[in-house]
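Tertiary structure, described
Each chain is listed here by its residues.
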Amino acid sequence: MIGIIGKKLGMTTFFEESGNAYPCTIIEAGPCTITQIKTKEKDGYQALQLAFGVKREKNVNNAQRKIYKKLKISPARIVKEIRDFPVDGMKTGDQIKVDIFRQGEIVKVTGKSKGKGFQGGVKRHNFSGGLRTHGQSDRERAPGSIGASSYPSRVFKGTKMAGRMGGETVTVRHLKILKIITDSNLLLIKGAVPGAKTGFVEIYKA
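The paragraphs below set out a description of the structure included in this document.

Reading the values: the criteria
Each chain carries its own residue numbering, running from 1 in the written order of its sequence. Local features in a predicted model are, by the rule used here, given only for residues with pLDDT of at least 70; side-chain atom pairs are given and counted only at 80 or more, and totals for whole chains, interfaces and linings are based on all residues. Values shown for side chains rest on all heavy atoms present in the structure; no hydrogens or waters enter the calculation. Helix and strand definitions here come from DSSP, where helices need a minimum of 4 consecutive H or I residues and strands a minimum of 2 consecutive E residues; each element is numbered from the N-terminal end. Relative accessible area decides the class of each residue, using a 1.4 Å probe on protein chains only: under 20% of the type maximum gives buried, over 50% gives exposed, and in between gives partly exposed. The contact definition used throughout considers only heavy atoms, calling two residues in contact when any of these lie within 4.5 Å. The patches described consist of residues with a relative accessible area above 30% and no salt bridge, like charges being joined within 9 Å and nonpolar side chains (Val, Leu, Ile, Met, Phe, Trp, Tyr) within 5 Å. Residue-level accessible areas treat just the shown protein chains as cover; the underlying method is Shrake-Rupley with a 1.4 Å probe. We define a salt bridge as a side-chain nitrogen of Lys or Arg found within 4 Å of a carboxyl oxygen belonging to Asp or Glu. Polar contact is the term for a pair of N or O atoms within 3.5 Å; when the atoms are in protein, one must be able to donate a hydrogen and the other to accept it, and sequence-neighboring residues count only if both atoms are side-chain atoms.

**A word on the environment of Pro 86**
Mapped onto the fold, Pro 86 is located in the loop between β5 (78–83) and β6 (95–96). Pro 86 sits in the partly exposed class, given a relative accessible area of 40%. Between the alpha carbons of Pro 86 and Phe 156 there is a distance of 45 Å; along the sequence they are 70 residues apart. Here Pro 86 is in contact with Met 1, Ile 2 and Gln 46, once residues within four sequence places are set aside.

**Observations regarding a nonpolar patch on the surface**
Taken together, the side chains of Ile 146, Val 155 and Met 161 present a nonpolar region at the surface, about 200 Å² in accessible area. Mapped onto the fold, Ile 146 is located in the loop between α3 (121–125) and β9 (163–165).

**Focus on the side chain of Thr 33**
Tracing the chain through its elements places Thr 33 in strand β3 (residues 32–38). Overall, Thr 33 belongs to the buried group, its relative accessible area being 10%. For Thr 33, the contacting residues outside a window of four places in its chain are Gln 49, Leu 50, Ala 51, Ile 73, Gly 93, Asp 94 and Gln 95.

**With respect to helix α2 (residues 62–71)**
The opening residue of α2, the one whose side-chain oxygen lies 3.3 Å from the backbone nitrogen of Ala 63, is Asn 61. Where α2 ends, the next residue or the one after it, Lys 72, has phi of about 60°, a positive value.

**Considerations on the environment of Gln 46**
Among the secondary structure elements, Gln 46 is positioned in the loop between α1 (40–43) and β4 (47–52). You can call Gln 46 partly exposed: its relative accessible area is 23%. Every residue in contact with Gln 46, bar those within four places of it in the chain, is listed here: Lys 38, Thr 39, Lys 40, Arg 83, Asp 84, Phe 85, Pro 86 and Val 87. Polar contacts involving the side chain of Gln 46 include one to the main-chain carbonyl oxygen of Phe 85, which spans 3.0 Å.

Here it is, written out as structure tokens:
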């Protein structure tokens, strides 16, 4: 699994030379610094630990500060492991950049979806709502019965109801890289990816 950590900058329109226009998301992908290499012999699995972004030094604890000082890098905002990343020839302190991808490649993007707060059943689960007739003016967006009676005298776990919506980890697959701008570490990916602007995402080769 080859991937990188990035930050969603927003969306725009990408025009091909033929004149075709596509909606695309701009992602600042890397550069990510390797802070740790895990191997099957030592750790039981193979992975790269990548650091991305910059954090204020006052918000870093002493243990982490020692690690960053040893690597001679600034404290990172995000630190994530990417499993099964080929580690041959890698060493701590090396950087993973956007050039690990190529134009036209298919990728998958993982991020945290926008949080929408506490929502009712109509918005959260696409309930149809109640009738407007027979004086039910206050029941249009009500959830209706939840099925509990003398038996089973309780509500089953997982019953669709109102609740917090969004703010979940979402993966969108089969997205195409329309353009790579290596000088600015930018990826232009066709379509939308999870999360709000400035949200952090993970981009993996499909």
